[in-house]
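Residues per chain, in single letters:
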Amino acid sequence: MMLFDPEFAAAGLRGLSVALFVGGVVYVMERTRPFIGGIVLALPIVVGPSYFFLNLQQDADFMRQAIVVALGMIGAVLCFLTAYIRLIGRQAAPVALLGALLAWLLAALIVRYLPPELPWMLGFALAAALLAWLANRGVVQLAGNGSSSKPSPGYDVALRGLCAGLLVALVTLLANRLGPLGSGLLATFPVALTVVCLFLLRRFDRFTARAALASTQIGLSSHAAFFITLLALPGLAAGWRFAAASLASAAWAAGLALARRRG
């Protein structure tokens, strides 16, 4: 009997990382400007642990295909955010979230039936980015400083993180049974975004919430930096490979924040 199961370890670690991540994002978004909070929300802290453990369990061909599909799924997440940002201005939060999840599902189905090759996946992601830009021009400038009038109590932040962590652990266990395409699709499901969207309007007005999520759309380019670095360094050991990808993603996000500050 195995005392250590990598699959369950991957699910547990990813769940823990999401729990901490969601709590940290709520903390940052309640104490800083919407743009910075949105950029932090877009970092691949949720996706990273899943792909690290997949890399330990799977061969190079499996990983390459899963990473290529994940690049296409950036477009699906952009569709999720575009729908939510548009709907939240006119609909109640649960209705807006349902519409956003349907948009993600439609986009994920498109990715599912596209050829699993890099040009197709990047092309879809870029098309979704163009759609997001056209749909939400000017939204980032809608809010002021974005600070919450009264920060959430610790138990509230912990509960949000726990909900996200449990859901992510389940998604990870399912993804590992569905092959590279299923892993690429489910491992990039916007679990943390879904949880944050559920609670966002409890702490912020609609203008600030929309501004933060529009910033998240811009910040999702840090996911592209993460996955492209993984593709570019197939020969490195898993630890070094993911360290390099994480560093590239963080550097890209920091560059976005700096460019915004100077602009």
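Residues numbered from 1 in each chain as written. Predicted model: local features only at pLDDT ≥ 70, side-chain atom pairs only at ≥ 80, totals over all residues. Heavy atoms only, no water.

A few points about the overall build of the protein chain
Looking only at helices and strands, the protein chain has 12 helices and 0 strands in total. Put simply, the protein chain has 263 residues, and 52% of those count as buried. Taking the contacts inside the protein chain whose residues are at least 6 apart along the sequence as the reference set, 80% of them involve residues at least 24 apart. Carbon and sulfur atoms make up 70% of the accessible area of the protein chain, which totals about 12300 Å². (Helix = DSSP H or I, 4+ residues; strand = E, 2+ residues; numbered from the N terminus. Buried < 20%, exposed > 50% of the residue type's maximum accessible area, 1.4 Å probe, protein only. Contact = heavy atoms within 4.5 Å. Areas by Shrake-Rupley, 256 points an atom, 1.4 Å probe, with all protein chains shown as cover.)

Looking at helix α5 (residues 93-113)
Because each turn of an α-helix spans 3.6 residues, side chains separated by three or four positions end up pointing in the same direction. A rise of 1.5 Å per residue sets the reference length of α5, with its 21 residues, at 30 Å; its end C-alpha atoms lie 31 Å apart and thus fit the reference within 8%. Those residues of α5 lying buried are A93, A96, L97, G99, A100, W104, A107, A108 and V111. (Expected span 1.5 Å × (residues − 1).)

Some words on the environment of Q91
As for its position among the elements, Q91 is in the loop between α4 (60-88) and α5. Owing to a relative accessible area of 34%, Q91 belongs among the partly exposed residues under this scheme. In this view, Q91 contacts A96 and R206; residues no more than four positions away in its chain are not counted.

Regarding the packing of α4 against helix α9 (residues 191-203)
It is the contact of α4 with α9, at a shortest axis distance of 12 Å, that shows an interaxial angle of 15°. Taken together, the axes of α4 and α9 are roughly parallel relative to one another. Crossing geometry of α4 relative to α9 is assigned as right-handed. Of α9, the residues touching α4 (which contributes V77, F80, L81, Y84 and I88) are L193, T194, C197 and L201. For the contact of α4 with α9, the per-class residue count stands at 8 nonpolar, 1 polar and no charged. (Axes fitted to C-alpha atoms, helices over the stretch in contact; angles between N-to-C directions. Parallel < 35°, antiparallel > 145°, perpendicular 65-115°, else oblique. Left-handed = near helix turned anticlockwise from the far one by under 90°. Nonpolar A, V, L, I, M, F, W, Y, C, P; charged D, E, K, R; others polar.)

Thoughts on the packing of α4 against helix α10 (residues 206-219)
For the pair α4 and α10, the least separation of the axes is 10 Å and the interaxial angle reads 165°. As far as their axial angle goes, α10 and α4 are roughly antiparallel. Every pair of crossing elements has a handedness; the one defined by α4 and α10 is left-handed. Each of L78, L81, T82, Y84, I85 and I88 in α4 lies in contact with α10, whose residues at this interface are R206, R210, L213, A214, T216 and Q217. For the contact of α4 with α10, the per-class residue count stands at 7 nonpolar, 3 polar and 2 charged.

Remarks on the packing of aromatic side chains
Per the stated rule, a full pass over the model turns up 2 aromatic pairs. Measuring from centroid to centroid gives 5.3 Å for F226 and F227, while their planes differ by 75°, and the two rings are edge-to-face. With a relative accessible area of 1%, F226 lands in the buried category. For F227, a relative accessible area of 1% gives the class buried. Aromatic rings pair up to connect F226, F227 and F242 into one cluster. (Phe/Tyr/Trp six-rings, centres within 6.5 Å; stacked < 30°, edge-to-face > 60°.)

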